[in-house]
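Here's the letter readout for the chains.
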Amino acid sequence: SVSLWEKGRLVSTGLGIENETSKGVWIRGLDTHRGAIVYGLFGMPADGNRIFHLSKDKRKRGFYGHTFSMHDVKFIEDGETLVSLGGDRELKIWNTDNFEQRLAIRESEIFSCLAVSPDESMIAAGTREGPVFLYHAPHEELPMQPKAD
């Protein structure tokens, strides 16, 4: 079970996976931004892996993000955007206001980890096979592109 603590006080438990823990589900990806929390679940059924967003006012929203194994998730663009990786070989970009997918990039390797540069200009996606894919971060005026060597 997932529990949320604030200043040493238990605020909430479960957070969306209270009925899934017996099925071998665990958190695989967690990030925070100004009081909001986002986390992804690994081990959900084949119809998709859920990503949960808990806003500053403790509103919880869950949505299906990937068709296989949620691997990592990060906030970017001042918390307005999420980047997620899945075992489905996809890197996805989401709006946090409506949780609509803005972009999906499919690669030949299975993603395993995600990092964002401090200035949010680059996104690095590591794979279990070894390669690391680098992308220029998405912005309203510039679509996400692989970084040129």
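Residues numbered from 1 in each chain as written. Predicted model: local features only at pLDDT ≥ 70, side-chain atom pairs only at ≥ 80, totals over all residues. Heavy atoms only, no water.

Engineer: Would you mind showing me how to read the pairing of strand 8 (residues 81-86) here?
Structural biologist: One face of the sheet, then the other: side chains in a regular strand alternate in exactly this way. Buried residues dominate strand 8, accounting for six of its six residues. With burial as the criterion, each face of strand 8 is covered, one bearing Thr81, Val83 and Leu85 and the other bearing Leu82, Ser84 and Gly86. As judged from the six bridges shared by strand 7 (residues 70-76) and strand 8, these two strands associate in the antiparallel manner. Residue isoleucine 76 lies in a different strand from strand 8, and its bridge partner there is threonine 81. If you look at the hairpin formed by strand 7 and strand 8, you'll find four residues sitting between the two strands, and glutamate 77 has a positive phi there, around 50°. The pairing of strand 8 with strand 9 (residues 90-95) spans five bridges and is classified as antiparallel. Across the sheet, residue leucine 82 finds its bridge partner in strand 9, namely tryptophan 94. Turn length for the strand 8-strand 9 hairpin, with the two strands adjacent in sequence and antiparallel, is three residues, and the turn residue arginine 89 shows positive phi of about 70°. (Buried < 20%, exposed > 50% of the residue type's maximum accessible area, 1.4 Å probe, protein only. Helix = DSSP H or I, 4+ residues; strand = E, 2+ residues; numbered from the N terminus. Pairing = 2+ DSSP bridges.)

Engineer: What exactly am I supposed to notice about the sheet that holds strand 8 here?
Structural biologist: Strand order across the open sheet formed by four strands is 7-8-9-10, with antiparallel pairing between neighbours. With one partner strand each, in any of the chains shown, strand 7 and strand 10 (101-106) form the two edges of the open sheet. Each adjacent strand pair in this sheet contributes to an overall mean axis angle of 15°, direction not counted. As defined by bridge partners, strand 9 adjoins strand 10 across five bridges and the pair is classed as antiparallel. Counted as the bridge partner of isoleucine 93 is leucine 103 from strand 10. (Axes fitted to C-alpha atoms, helices over the stretch in contact; angles between N-to-C directions.)

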